[in-house]
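In case you want the letters, here they are:
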Amino acid sequence: LMNEDIRIHSWPCSYYLDTGKQWVSGRLSLTPVAIKFVADKTGELLVNFHLSSISEIKKESSNLIFSSLTILEKNTKHWFSSLQPNRNVVFNILEHFWREQLLSSQGAGAEAAALQSTKGRELTGLLTGSQKRLEDTAKVLHYQGEQFDNIMRGLNKIEGDMDVADRLLTELESPSWWPFSSKLWKAPLESKPKETATVSDSKNQEGIIIRIPVIITHRTDSNVKPGKLTLFASGLEISDCNSQVIHRFESKDVDDIRVHTPYEISVRQRFIGKPDTSYRLLSAKMPEAIPILEMQFSKKMQFLEDALGFVGARKSPQVDLGTSIWQAATGLLGGVVQPSSPVGGKEGMDSEQVQLQKQEKISQEEAKELKQILKKLKGLALETEAELERQDEALDSITTSVDRATLNIDKQNRRIKKLT
């Protein structure tokens, strides 16, 4: 589970203490679920309430302070001023996390029920998550396979061009006659626009893996603005609230992705002789996107200190996916299909123990659902394995074609030198 005490951001500011009728300087902090204010001088926690208890966040001005941020929590209005770097930044970030908390709390009833769910429901949740991750992996592999196919088409075209060049060189090496026309040179070039069209068509048809709302900071700008982050198999796209693209990074363009916290990342493309292209992205939904980014950019991901606890906590269950979850699934399903005899079979077993044993069992409906998920997972795993084998063969073919093309180029270079 995500650590609820992790600090997403904190800002120096002043808080109006109603009991003392004075402004107190300190730091306003945001965690995934709460807002806190600690006084600088005393270190006292003066404000601490849950995001779900907020009914309104507003930019306001009073007679004394012209630029303030107010948070209405239940029936209490909290005033904050002298916000650094500025009020807009703090407002945008707080409002983003508050709205996401409201959206997620709509399913609070279902979440509360899930806490008391049976082992079958827990297992269904785990396996559904595994299925989603495997589907995301399949999307990335499918796109990668398309790229290999494009490379193979390009290499086949190069081989065709090399054959034409070889024939032309042979004719050049024959001094007795000169049968050239410009058509021979133009023919191989005519297919280039068609090739480009097929690549752009495949990009237009490319599916979205995940899209999340984000707060965007460009380079070191102090201002932030809300927008969206979209992850594709071929890269990522940052857009504003009106879905206008701000920047698109192809996979090859990304030099590094830094994970500052589970909720904040920065994406950078480096250049020589001009400033880097860098965006810092903050989102309440970022923990859902980070595993996909890891899958696509594993060698380019850097987990900074505040994110290391998150990645450690998240990776351990993933490591167990291949063993403990599958063992639990088969074991629990086996218990439903072939229920073992009651333990001990004592008549004196009290009602609490009987109730506990009932809770540990899986209903027939849950077992049926689990079997369907396992069947899908097995199918996805087999498809992924087949695609990986196909790509492995494609890589071998690409390597062979490149080696052959290199040898041909060397031969033709030597022949051209003799002609000149």
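Before reading further, recall that the structure is shown in the block above.
Remember, it's a predicted structure, so these values are computed and weren't measured experimentally.

Draft legend 1. Inspection of the sheet that holds strand β10 (residues 235-240) at higher detail. Read across the sheet, 8 strands follow the order β11-β10-β9-β8-β14-β13-β12-β15 without closing on themselves; strand pairing throughout is mixed. Whereas interior strands pair on both sides, the edge strands pair on one side only; in this sheet they are β11 (245-250) and β15 (301-303). Averaged over neighbouring strand pairs, the angle between their axes works out to 30° when direction is ignored. Contacts from helix α6 (residues 286-297) reach β8 (208-218), β9 (225-232), β10, β12 (256-261), β13 (264-269), β14 (277-282) and β15, with the element oriented near 105° to β8.

Draft legend 2. Broad picture of unusual backbone geometry. In this structure, the amide linkage connecting Gln84 to the following residue, Pro85, adopts the cis form with an omega of 5°. Examined against the element boundaries, Pro85 turns out to sit in the loop between β7 (76-81) and α1 (87-105). Phi at Lys21 takes a positive value of approximately 50°, unusual for a residue other than glycine. Along the chain, Lys21 falls in the loop between β1 (9-17) and β2 (22-30). Phi at Ser82 is positive, roughly 50°, even though this residue is not glycine. Tracing the backbone shows Ser82 in the loop between β7 and α1. The exposure class assigned to Ser82 is partly exposed, which follows from its relative accessible area of 45%.

What counts, and where the lines are drawn
Residues numbered from 1 in each chain as written. Predicted model: local features only at pLDDT ≥ 70, side-chain atom pairs only at ≥ 80, totals over all residues. Heavy atoms only, no water. Pairing = 2+ DSSP bridges. Helix = DSSP H or I, 4+ residues; strand = E, 2+ residues; numbered from the N terminus. Axes fitted to C-alpha atoms, helices over the stretch in contact; angles between N-to-C directions. Contact = heavy atoms within 4.5 Å. Buried < 20%, exposed > 50% of the residue type's maximum accessible area, 1.4 Å probe, protein only.

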